[in-house]
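One letter stands for each residue in the lines below.
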Amino acid sequence: MFNKILLPLFAIVALSACSVNPVSTERVSAFNLIDYNTFSVQISESSEEVRVSPFTSAGLRNQLSEELLNLGMSISDDPDLVFTLSIGFDERDRRRSTGYYYRKGYYGPFYDPFWNSFEDDDRSFLRVTVSDASGNPLWTGIRSTRYVRSQLVLSPEEINSYIMSFVDELTG
């Protein structure tokens, strides 16, 4: 009885409790996207660093603009809403290794020159902030994008996926 009824029910409840959208959001309670007609999209100045590919920045800006146009909004020089895209990196202090270790075994201590524990990747984050015409924030969402080494380069499919996760939260 338990296996036939309660186990599948428990599995459905457990799966529905898992979030499929990894965007962490914060909003003003009265904010509703459908109450606004015009927008502009900008990349924050701090995101214009060398580590972000200019193609990735332009792709994110263009994809967000396209999705907002699909929702019936229009681009304006004097917008009701300003969407700001920010890209940042989590550069933690990494554990550095001397590049060797000794292990005891059948042949005694062993030197392996190819082993190290140096973590060379930084986590990147994407934030979208929606502000009104006077600059007051109305909505913000942040999500991690990926680990990067030298620079953040996203494919068009990845850009679409990340922007859609924000649009789903905005309209949901």
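Reference entry: report on the structure contained in this document. (Residues numbered from 1 in each chain as written. Predicted model: local features only at pLDDT ≥ 70, side-chain atom pairs only at ≥ 80, totals over all residues. Heavy atoms only, no water.)

**Some thoughts on the overall build of the chain**
No. 1: Assigned secondary structure in the chain consists of 3 helices and 6 strands.
No. 2: The secondary structure elements of the chain, listed N-terminal to C-terminal, are α-β-β-α-β-β-β-β-α.
No. 3: A buried classification covers 35% of the 172 residues belonging to the chain.
No. 4: In the form shown here, the chain has an accessible surface area of approximately 11,600 Å², with 53% of it arising from carbon and sulfur atoms. (Helix = DSSP H or I, 4+ residues; strand = E, 2+ residues; numbered from the N terminus. Buried < 20%, exposed > 50% of the residue type's maximum accessible area, 1.4 Å probe, protein only. Areas by Shrake-Rupley, 256 points an atom, 1.4 Å probe, with all protein chains shown as cover.)

**Side note on helix α2 (residues 54-70)**
No. 1: Counted at 1.5 Å a residue, the expected span for α2 with its 17 residues is 24 Å, and the 24 Å between its end C-alpha atoms agrees.
No. 2: Buried residues of α2: T56, S57, G59, L60, Q63, L64, S65, E67 and L68, and no others.
No. 3: Contact partners of the buried residues in α2: β2 (38-43), β4 (81-90), β5 (122-132) and α3 (156-171).
No. 4: Downstream of α2 by a residue or two, G72 has a phi angle that is positive, lying close to 100°. (Expected span 1.5 Å × (residues − 1). Contact = heavy atoms within 4.5 Å.)

**Quick notes on the environment of R149**
No. 1: Residue placement: R149 occurs in the loop between β6 (137-148) and α3.
No. 2: The exposure class of R149 is exposed, given its relative accessible area of 57%.
No. 3: On a C-alpha basis, the gap between R149 and R51 in space is 9.0 Å, while along the polypeptide they are 98 residues apart.

**So, the packing of aromatic side chains**
No. 1: One pass over the full model with this rule turns up 3 aromatic pairs.
No. 2: Their ring planes at 90° and their centres at 6.2 Å tell us that F39 and F83 sit as a pair that is edge-to-face. Placement of the pair is F39 in strand β2 and F83 in strand β4, with a sequence separation of 44 residues. In terms of burial, F39 and F83 fall into one category: buried.
No. 3: Taking 6.5 Å as the distance between ring centres and 85° as the angle between the ring planes, the aromatic pair formed by W139 and F166 counts as edge-to-face. Of this pair, W139 sits in strand β6 while F166 sits in helix α3; the two residues are 27 residues apart in sequence, bridging distant segments of the chain.
No. 4: On the accessibility criterion, F166 (1% relative accessible area) is buried.
No. 5: Positioned over the ring face of F89 is R51, at 4.3 Å from the centre of the ring. (Phe/Tyr/Trp six-rings, centres within 6.5 Å; stacked < 30°, edge-to-face > 60°. Lys NZ or Arg CZ within 6 Å of the ring centre and 35° of its normal.)

**Notes on the packing of α2 against α3**
No. 1: Interaxial distance between α2 and α3 falls to 9 Å at its minimum, and their mutual angle equals 45°. The angle between α2 and α3 places the two elements in the oblique class. In this structure, α2 meets α3 at a crossing whose hand is right-handed. The segment α2 lies against α3, with T56, G59, L60, Q63, L64 and E67 engaging I159, N160, I163, M164 and V167.
No. 2: Grouping the constituent residues of the contact of α2 with α3 by class yields 6 nonpolar, 4 polar and 1 charged. (Axes fitted to C-alpha atoms, helices over the stretch in contact; angles between N-to-C directions. Parallel < 35°, antiparallel > 145°, perpendicular 65-115°, else oblique. Left-handed = near helix turned anticlockwise from the far one by under 90°. Nonpolar A, V, L, I, M, F, W, Y, C, P; charged D, E, K, R; others polar.)

**Quick look at the nonpolar core**
Note that soluble globular proteins tend to have their nonpolar side chains buried in a common cluster.
No. 1: With 30 residues, the main nonpolar core has F31, L64, L81, F83 and L85 as its most contacted residues.
No. 2: Taken together, the elements giving at least two residues each to this core come down to β2, α2, β4, β5, β6 and α3.
No. 3: The element contributing the most residues to this core is α3, with 6 residues. (Core = buried A, V, L, I, M, F, W, Y, C linked by side-chain atoms within 4.5 Å.)

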